[in-house]
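# Chain and residue survey
Here are the chains, one letter per residue:
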Amino acid sequence: MEFSAKQIASFIQGEILGDENATVNTFAKIEEGRPGALSFLSNPKYTPYIYDTQASIVLVNKDFQPEREIKATLIKVDNAYESLAKLLTLYEQSKPRPKGIDPLAFVAETAKLGKDVYVGPFAYVGDHAEVGDGTAIHPHATIGCGTKVGAGCIIYPHATVYQDCRIGNRCVLHAGAVIGADGFGFAPTPQGYEKIPQIGIVVLEDDVEIGANTCVDRATMGATVVHKGVKLDNLVQIAHNDEIGAHTVMAAQVGVAGSTKIGEWCMFGGQVGIAGHIQIGSKVNLGAQSGVPGSIKEGQQLIGTPPMEMKPYFKSQAVFRRLPDMYQELNALRRELNELKQQLNK
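Residues numbered from 1 in each chain as written. Predicted model: local features only at pLDDT ≥ 70, side-chain atom pairs only at ≥ 80, totals over all residues. Heavy atoms only, no water.

### Focus on the side chain of Thr73
The residue Thr73 is located in strand β7 (residues 73-77) in this model. Judged by its relative accessible area of 5%, Thr73 is buried. Discounting chain neighbours no more than four positions away, the residues touching Thr73 are Ala5, Ile16, Leu17, Gly18, Asp19, Ala22, Ser56, Ile57 and Val58. (Helix = DSSP H or I, 4+ residues; strand = E, 2+ residues; numbered from the N terminus. Buried < 20%, exposed > 50% of the residue type's maximum accessible area, 1.4 Å probe, protein only. Contact = heavy atoms within 4.5 Å.)

### Let's talk about the sheet that holds strand β21 (residues 178-179)
Strand order in the open sheet formed by 10 strands is β9-β12-β15-β18-β21-β26-β29-β32-β35-β38, with parallel pairing between adjacent strands. The outermost strands of the open sheet, each flanked by one partner alone, are β9 (106-107) and β38 (291-292). Bridge analysis of strand β18 (residues 160-161) against β21 gives 2 bridges, and the strand direction is parallel. The partner of Val161 across the bridge, within β21, is Ile179. (Pairing = 2+ DSSP bridges.)

### Some details on the packing of helix α1 (residues 5-12) against helix α2 (residues 80-94)
Remark: α1 packs on α2, axes separated minimally by 10 Å, with the N-to-C direction vectors making an angle of 110°. Relative to α2, the element α1 is oriented roughly perpendicular. Of the two possible hands of crossing, α1 and α2 adopt the one that is right-handed. Contact with α1, carried on its side by Ile8, Phe11 and Ile12, involves Ser83, Lys86, Leu87 and Leu90 of α2 and no other residues of that element. Across the contact of α1 with α2, the residue classes tally to 5 nonpolar, 1 polar and 1 charged. (Axes fitted to C-alpha atoms, helices over the stretch in contact; angles between N-to-C directions. Parallel < 35°, antiparallel > 145°, perpendicular 65-115°, else oblique. Left-handed = near helix turned anticlockwise from the far one by under 90°. Nonpolar A, V, L, I, M, F, W, Y, C, P; charged D, E, K, R; others polar.)

### Let's talk about α1
Restricting attention to buried positions, one finds in α1 the residues Ala5, Ile8, Ala9 and Ile12. Down the axis, α1 shows its buried residues gathered within 100° of arc, on one side only. In the stretch just after α1, Gln13 is the one whose phi turns positive, near 55°. (Arc of directions from axis to C-beta.)

### Examining the packing of helix α3 (residues 310-321) against helix α4 (residues 323-345)
Direction vectors running N to C along α3 and α4 enclose 55°, while the axes themselves pass 5 Å from each other. Between α3 and α4, the interaxial angle falls into the category oblique. Every residue of α4 that contacts α3 at Val319, Phe320 and Arg321 is listed here: Leu323, Pro324 and Met326. The class makeup of the residues in the contact of α3 with α4 is 5 nonpolar, no polar and 1 charged.

### Section: the pairing of strand β5 (residues 37-41)
A regular strand carries its side chains on alternate faces of the sheet. Counting buried positions over the 5 residues of β5 gives 4, a clear majority of the element. Examined bridge by bridge, β5 and strand β6 (residues 57-61) share 4 bridges and lie parallel to one another. Residue pairing in the sheet places Leu41 in a bridge with Val60 of β6.

### Topic: a nonpolar patch on the surface
Taken together, the side chains of Val319, Phe320, Leu323 and Met326 define a hydrophobic patch exposed on the protein surface, amounting to about 340 Å² of accessible area. Of all the secondary-structure elements, those providing two or more residues to the nonpolar patch are α3 and α4. With a relative accessible area of 53%, Phe320 lands in the exposed category. (Patch = residues over 30% accessible without salt bridge, like charges linked within 9 Å, V, L, I, M, F, W, Y side chains within 5 Å. Areas by Shrake-Rupley, 256 points an atom, 1.4 Å probe, with all protein chains shown as cover. Salt bridge = Lys/Arg side-chain N within 4 Å of Asp/Glu carboxyl O.)

### Digging into the nonpolar core
With 49 residues, the main nonpolar core has Met250, Phe268, Ile274 and Ile280 as its most contacted residues. Residue contacts for Ile274: discarding those within four places in its chain leaves Gly255, Val256, Ala257, Thr260, Ile262, Phe268, Ile280, Leu286 and Val292. (Core = buried A, V, L, I, M, F, W, Y, C linked by side-chain atoms within 4.5 Å.)

### As for the pattern of salt bridges
Following the criterion strictly, the structure yields 7 salt bridges and no others. The salt bridge partner of Lys62 is Asp78, with a shortest N-O separation of 3.2 Å. Taken as a pair, Lys62 in the loop between β6 and β7 and Asp78 in the loop between β7 and α2 lie far apart in primary sequence, 16 residues in all. Of the residues examined, Lys62 reaches a relative accessible area of 44% and is grouped as partly exposed. Among the ionic pairs, Lys261 bridges to Glu243, the shortest N-O distance being 3.1 Å.

### Digging into the sheet that holds strand β39 (residues 301-303)
Here 12 strands make up an open sheet; going across it, the order is β8-β11-β14-β17-β20-β25-β28-β31-β34-β37-β39-β40 and the pairing mixed. If you trace the sheet from one side to the other, it starts and ends with β8 (100-101) and β40 (308-309), each paired once. In terms of strand pairing, strand β20 (residues 172-173) meets strand β25 (residues 209-210) through 2 bridges, oriented parallel. Residue pairing for β25: Leu173 is matched across the bridge by Ile210.

### Points about the packing of aromatic side chains
Enumeration according to the criterion identifies 6 aromatic pairs in this entry. Ring geometry for Tyr313 against Phe314: centres 5.2 Å apart, planes inclined by 75°, an arrangement best described as edge-to-face. The ring centre of Tyr51 lies 4.3 Å from the NZ or CZ of Arg68, which sits over that ring. (Phe/Tyr/Trp six-rings, centres within 6.5 Å; stacked < 30°, edge-to-face > 60°. Lys NZ or Arg CZ within 6 Å of the ring centre and 35° of its normal.)

### Re the environment of Ile280
Within the element layout of this structure, Ile280 appears in strand β36 (residues 279-280). With 20 residues separating them in the primary sequence, Ile280 and Gln300 have C-alpha atoms 9.7 Å apart. For Ile280, the contacting residues outside a window of four places in its chain are Lys261, Ile262, Gly263, Cys266, Phe268, Ile274, Val292 and Ile296.

By themselves, these are just geometric observations and shouldn't be taken as functional.
The following block contains the structure:
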């Protein structure tokens, strides 16, 4: 499909600088722009590319002021990155979505499927499972017995939802995601570790996205809850009985131990590790590889292990790099002090 600059500007409330009839049919990064492609500029680091890009249309922020001639048609918007996201969403929604039950799929007789549901080859929908309107279950995905999946969801290949879990509307489970595996519960005995049955479930609320090979464990009792709008990257581990607040985002390899409560609108960088049985307030930002042993109040921006505020942390790192030199200086001062003491004693 082709869209003109005029149509795009109308959709994102932008101001056109250039040819309003310029058309695009694909997207490209600004440094790889080509005729017929739409690109964007939001990071000033990429500004030099805009003067040579071959993209037909480029989204820019309203405060952008070109220093020389630009071939591309510009559309000025309040936030170029957000506007690009809207256009990508529109583009994705315009693609035809598969429908129907493939002959090679297995759907239990007691399962209930809504309208326009897709179940791909070798996918499995268990007894008494319910799947909402327009949901797509791709090949080799598994929807366990008694599970309820809302409308408009996408369950990608090899994603697995264990029995009795609850998935809201418009959720996305990427390939290999596992929802509802047993929590890591074992009781030590003289003979070894005895497994504690995990009889709870997982609840994903609306608009949750789970990355590839990410695991959300079922609760020992009750529910592990991921509230609306949460986005988890690939290879994230959410343990049993955790509660993740609405609109929180976690980058790859974050690990949250059991029975921890995390507030709303938090942002965790890659490889953050969080201890169990603690509480983290809303709007907490944690830098990559932070290790969190205890509770954190809301609104803090921290990094490190144990985490500390950003500015003191980076000052500390600057000092840490100088420790070998400081150690040598300290030894030299100690020798000088000992020599002075010997002279005074004489």
